[in-house]
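Results of the structural survey
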Amino acid sequence: MFKAKLRFLNIQKSKLIPILFILLLLSSVVYANEMSLKFSSKPKGDMIMSMRLIDYSQDSVGKLLVTTGFKRGESYENGYIYLFNYNGEIIWNKEIGNVDSTMSSITDSHPDPAKFYPKDAYGIDFNGNGFKDILLLTESHFYILTEQGMAKTYFKSVPVSEIKWADVFGDGREEALLAGANASMIGYEGGEYIFSTMAIPSKPLSSIASSNLDSDIEREVVTAGANVSVFDYNSSTTPEWTKKYSYNTGIDIKKIIAVNLDNDSDTEIGEEKIEIIALSDRYVYCFHTKEPDTLDLLWLYPIKQGSDIIVSNISGDGDLEVIAAGEKVYVLDNSGGRVWESDLGKPISNVHSSDLNEDGYGEVVAGSSSTYRLNKAYGEIFLLDEYGKLLWESNTNFMTEYVIIKDMDHNGGLDLVLADYSNVISDYENMMGANKADMYFSQAMNSFNNENYRDALVYFKIAREEYKKDKNLTKTLEADGYIEKCELFLNTGSSYDKGLYYFDMAEYQKSILYFEDAKTASLNKKDFDGVLKAEEMITKATKYIEAQNYLNQANDLVLEENFDKAYGIYNNALMIYQTLGDNQKITSIQDSLLKIENYKKALDYFNMGKSYFSSNDYANAKSYFQKASAEFNNLGDVGKVSSCEDYISQCNKLIDSSKSMSSMNDILLYGGILIGFLLLIVLLLFFLLLK
């Protein structure tokens, strides 16, 4: 199965931009990618289940708390928990179950029954000693671990949609706040960890937060679900949580935040400092608790497909902006006014923010989930500047929820930590370590790709001069090449040259149009050599289009699992590319043909497994399903791997059941023989007595 990968992307501080160029770049500065790999390591498990920052021992460097799962049927289920330092080195690692001899377990004895597959893990200072305890969630229990990963206690798990933590009672100890079927709390009191229920709502909760709304010692707890509610702690003779405020929006609330948006603590007191920000599918809401016993709606902002919300200082003025994820990325000021919206062409599921390049303005990291494994979302990651302009986007699907932004090694530059399928921890640095020339070049490329050739020409010329100053000959020549292309498209080049450009860009249909124009112009000038050149390129472009059509058709057939027909059509494309001498395409198709053969082999294993399964031969069935699972895993077909694992799990259960039945039959058989033998002895004794 695919595995997960963590990437540390260290963002270095950008060099200053001269005053003369600020207005030129203000609207859409784009930074260059210059990543270099520092290290990589690989934790055990099929996939990463969670990845969170933990301020371990409250030192200045960042450490990562990571859980991974491992599943091969019920009898093989396990999980692992790791703590990594800022260099990606393992500080410690533990297995959650007791079945793996390669590392020690979090405990010698688990509650019965216990499931070891992890869901998430958090660092929380429950007892206020300055060290983070670890709250580990598995499919069956909540474990509280020491800072070395050893279990102190556990509770039976309850359904949870969100966990946050805060020093709710103002005593230096942090409590875990759980939103789910109920509003619950895990705290530490009298030397014991205590699980308690604060409120039982009519519908499950989706989000939870806390803040000191009334300037007393305790913080209030804010919950979101069918409505927004605020609960106050009554520390009288019978301590309890009582509902203080509530607001029904008529739409289920997905996320809730309680925060002071304008940081105006000098002029506001108590509840006037704090705004409650809520998110539904259609709106961002801002509530205030200024009036007694009333939750007032200050403003709302319409959005579409709302999914996530945070606050961050994007504009650099000290006040917090509200950043919402939905159909777009929405950034609002503290009065609910639109700062900007960025449409990235796909729905956004998660948002994160920090000043990545340390220019005093916040960048936004947005994730667009496109696939899920065990309820964990993966998709593209986008990096936007303070104006909503795209700086960088990933070409790999990462986990969109678990994104960490921190100066991991305390070197003055922020790291961007991501996780993907491959289960390898990698540290990349200098993602945005761009100099002034690179910034101009990136802006030029942005204009060029948007076919704004006049602006692109200006920026490429400026970048070229900067590269000359830096004595960077390679980039100077690259800028020269793009300057020629810009001039070509500003009507300083021939139709034939434009056709060649689009041909090289694999835009063959567009290239044919220019080659046709070139052919007509050559005929008019009686330039028959020019006619032959244009016709030759038209033929080549037409063949490429034909081959691509075959490829598209074959790819569709593969998705339909019509492999025999796809194999023949891939060969049609292969013959065309062989006549064109395109070795790259030839190799690609040969790889596709090999994959088809491997896929057919995997399906044969799978079907053999099903056949044995139908015949109740579960041992052989399991063997073939395991072979099929390995082949599908190599091919990257997660769905088929999951189907194989389901069958393997069923086979394990049926084999165990069969062994139990066999044992019972053996008992009956040998018991019958023993009884018969005893009866024979009794008869012999009887005859002897008669004599």
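The structure displayed is predicted, hence computed values, not measured ones. (Residues numbered from 1 in each chain as written. Predicted model: local features only at pLDDT ≥ 70, side-chain atom pairs only at ≥ 80, totals over all residues. Heavy atoms only, no water.)

Our focus in this paragraph is the packing of aromatic side chains. Enumeration according to the criterion identifies 37 aromatic pairs in this entry. Pairing Y502 with Y514 gives two aromatic rings, centres 5.6 Å apart and planes at 10°, and the pair type is stacked. Note that Y502 is positioned in helix 5 (residues 495-504) and Y514 in helix 6 (residues 508-524), a separation of 12 residues in sequence. Above the plane of the ring of F441 lies K475, whose end atom (NZ or CZ) is 4.1 Å from the centre. Just above the ring of Y624 sits the side chain of K627; from NZ or CZ to the centre is 4.9 Å. (Phe/Tyr/Trp six-rings, centres within 6.5 Å; stacked < 30°, edge-to-face > 60°. Helix = DSSP H or I, 4+ residues; strand = E, 2+ residues; numbered from the N terminus. Lys NZ or Arg CZ within 6 Å of the ring centre and 35° of its normal.)

In this section: the packing of helix 8 (residues 563-580) against helix 9 (residues 583-614). Where helix 8 meets helix 9, the closest approach of the two axes is 9 Å, and the angle between their N-to-C directions is 165°. Classified by the angle between their axes, helix 8 and helix 9 sit roughly antiparallel to one another. Crossing hand, helix 8 versus helix 9: left-handed. Mapping the contact onto sequence places F563, D564, A566, Y567, Y570, N571, A573, L574, Y577 and Q578 in helix 8 and K585, I586, I589, S592, L593, I596, E597, Y599, K600 and L603 in helix 9. Of the residues belonging to the contact of helix 8 with helix 9, the class tally is 13 nonpolar, 3 polar and 4 charged. (Axes fitted to C-alpha atoms, helices over the stretch in contact; angles between N-to-C directions. Parallel < 35°, antiparallel > 145°, perpendicular 65-115°, else oblique. Left-handed = near helix turned anticlockwise from the far one by under 90°. Contact = heavy atoms within 4.5 Å. Nonpolar A, V, L, I, M, F, W, Y, C, P; charged D, E, K, R; others polar.)

Glancing now at helix 9. Compared with the 46 Å implied by 1.5 Å per residue over 32 residues, the 46 Å span of helix 9 between its first and last C-alpha is a close match. Where helix 9 is concerned, the buried positions are I586, I589, L593, I596, Y599, A602, L603, F606, G609 and F613. N616 sits one or two positions beyond helix 9 and adopts a positive phi of about 65°. (Expected span 1.5 Å × (residues − 1). Buried < 20%, exposed > 50% of the residue type's maximum accessible area, 1.4 Å probe, protein only.)

Taken as a whole and assessed by the stated rule, the structure comprises 21 salt bridges. Here D252 ties to K203 by a salt bridge, and the two come within 3.3 Å at their closest N and O atoms. Taken together, the positions of D252 in the loop between strand 18 (240-247) and strand 19 (253-259) and K203 in the loop between strand 14 (192-199) and strand 15 (207-211) put the pair 49 residues apart, joining distant regions of the chain. Of the residues examined, K203 reaches a relative accessible area of 40% and is grouped as partly exposed. In this structure, the salt-bridge partner of K510 is E507, at a minimum N-O distance of 3.5 Å. Take E507: its relative accessible area is 33%, and that puts it in the partly exposed class. Sharing partners across several salt bridges, the network here consists of R464, E465, K468 and D480. (Salt bridge = Lys/Arg side-chain N within 4 Å of Asp/Glu carboxyl O.)

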